[in-house]
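The residues making up each chain are set out below.
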Amino acid sequence: MRTTGYISAVDVAGDGTARMEAVVDAARILVSGAGIDERLLRPLYDLGFQVVPIGREEPLTAQALRRELAGAVAYLHGGDEHVSEEALELADDLKVIAFLGVGYETFVDVAAVRRRGILVTNTPAAAMDAVAEFTVGQIINANRRIPRHLGTLHPHWAGAEELPGELVSKKIGIVGLGRTGTQIAKILRCGFGCRVSYYNRTRREDQEQALGVRFRQLSELAEWSDILVVMVSGNAETAGMIDRRILGRVRPGTILVNTARPSVVDPEALRDALAAGRLGMAVFDGYYQDSSVAKDLLNDFGDRMYVTGHIASHTKQSMERMAGQAVRSVVNVLSGLPDPNVVVR
């Protein structure tokens, strides 16, 4: 038997699979984010934890999160709040932050949690299908200008030159060919017959063969693409990756679709590319929080700037997968068992 002070774990099968016997103390576990079915948290309730929902209506400030984290042993992070150094000041008992999603770096101060010995887990592949489906939907929305026609009875085309081209006629570039980027490429190639090229830090020759996609350097990809899709994690290495140099290479009317993190696209370069007409339209899921030009982008470009509220991963099935993985990670960490989804230790 292994005891951590929270859970006693017995290796039932002799293969590392544990049955959790009891919670020693009724410790607090925080859960943030909307759309999490309470039934998926049942294993935590059954073990005697005090499960506390936080920030369901809007992201918590650092001060509010600081108060909530005092005394908590685990934190299922499914919202948009940022876990900063300040937010962790009273988190002396916190053992694990289980992030629902992949791009934890945008929401968690990695250096701060490392200094405190807090583990971070994520949920790889759980939202892959949801994000890929949403991204392809936004590509279609933008290419066909569907939102501008909603609620109308007649077409808005001023002439034949405004008619959109079918997706099969478009060259689509994908920045980041990880799990989700690969799934997007597969849908576009196999479902629509699109020409697809990609940029990735590591060349994916396996997918070049399997899907018939072509590798291009980032600046070349920007110049080649009719639709440029951003699908890389948001972190210090990728911040501002799509900058003036890259957007200066796109051809007039190019559509930019970013369902990764806003930080990957430099906001001032985005504004200038839209103003100059190099970008015909930009589509974001999630938006800039601390940019001086954020309001300008929304106010000045109307239906050329589509923004949704970080909803690409929000389907019933993906939320069930993410919550299930996060709960298992919390139980593993608090019982002293290894967890395959630890990304920061």
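Residues numbered from 1 in each chain as written. Predicted model: local features only at pLDDT ≥ 70, side-chain atom pairs only at ≥ 80, totals over all residues. Heavy atoms only, no water.

**Student:** Outline the pattern of salt bridges, listing residues and values.
**Tutor:** Tallying each qualifying case throughout the model produces 17 salt bridges. One salt bridge in this structure joins Arg 39 and Asp 37, with 2.6 Å as the shortest N-O distance. Assessed through its relative accessible area of 63%, Arg 39 is described here as exposed. With a closest N to O distance of 3.8 Å, Arg 244 and Glu 268 form a salt bridge. One end of the pair, Arg 244, is in helix H8 (residues 244-247); the other, Glu 268, is in helix H9 (residues 267-276), with 24 residues separating them in the sequence. What you see here is one network of salt bridges that share partners, running through Arg 244, Glu 268, Arg 271 and Asp 272. (Salt bridge = Lys/Arg side-chain N within 4 Å of Asp/Glu carboxyl O. Buried < 20%, exposed > 50% of the residue type's maximum accessible area, 1.4 Å probe, protein only. Helix = DSSP H or I, 4+ residues; strand = E, 2+ residues; numbered from the N terminus.)

**Student:** Tell me what's going on with the nonpolar core, and back it up with residues and numbers.
**Tutor:** Counting 88 residues, the largest nonpolar core has Leu 76 and Leu 270 as the members making the most contacts within it. The biggest single contributor to this core is helix H11 (residues 316-334), with 9 residues. Ignoring sequence-local partners within four residues, the contact set of Leu 270 consists of Leu 247, Leu 256, Val 265, Leu 279, Ala 282, Phe 284, Tyr 288, Leu 297 and Met 305. Among the nonpolar cores identified, the runner-up in size contains 23 residues, and Leu 30, Val 52, Ile 118 and Val 344 belong to it. (Core = buried A, V, L, I, M, F, W, Y, C linked by side-chain atoms within 4.5 Å. Contact = heavy atoms within 4.5 Å.)

**Student:** I'd like a description of unusual backbone geometry, backed by residues and values.
**Tutor:** Positive phi, normally seen in glycine, also occurs at Ala 125, with a value near 75°. Positionally, Ala 125 belongs in the loop between strand S8 (119-121) and helix H4 (128-144). A positive phi angle, near 55°, is found at Arg 145, a position not held by glycine. Position of Arg 145 among the secondary structure elements: in the loop between H4 and strand S9 (171-175).

**Student:** Tell me what's going on with the packing of aromatic side chains, and back it up with residues and numbers.
**Tutor:** Going through the model one piece at a time under the given rule, you end up with 5 aromatic pairs. Aromatic side chains Phe 284 and Tyr 288 sit 5.6 Å apart centroid to centroid with 50° between the ring planes, which places their arrangement in the tilted category. For the pair shown, Phe 284 and Tyr 288 are each scored as buried. Linked through ring pairs, Tyr 198, Tyr 199 and Phe 215 together constitute an aromatic cluster. (Phe/Tyr/Trp six-rings, centres within 6.5 Å; stacked < 30°, edge-to-face > 60°.)

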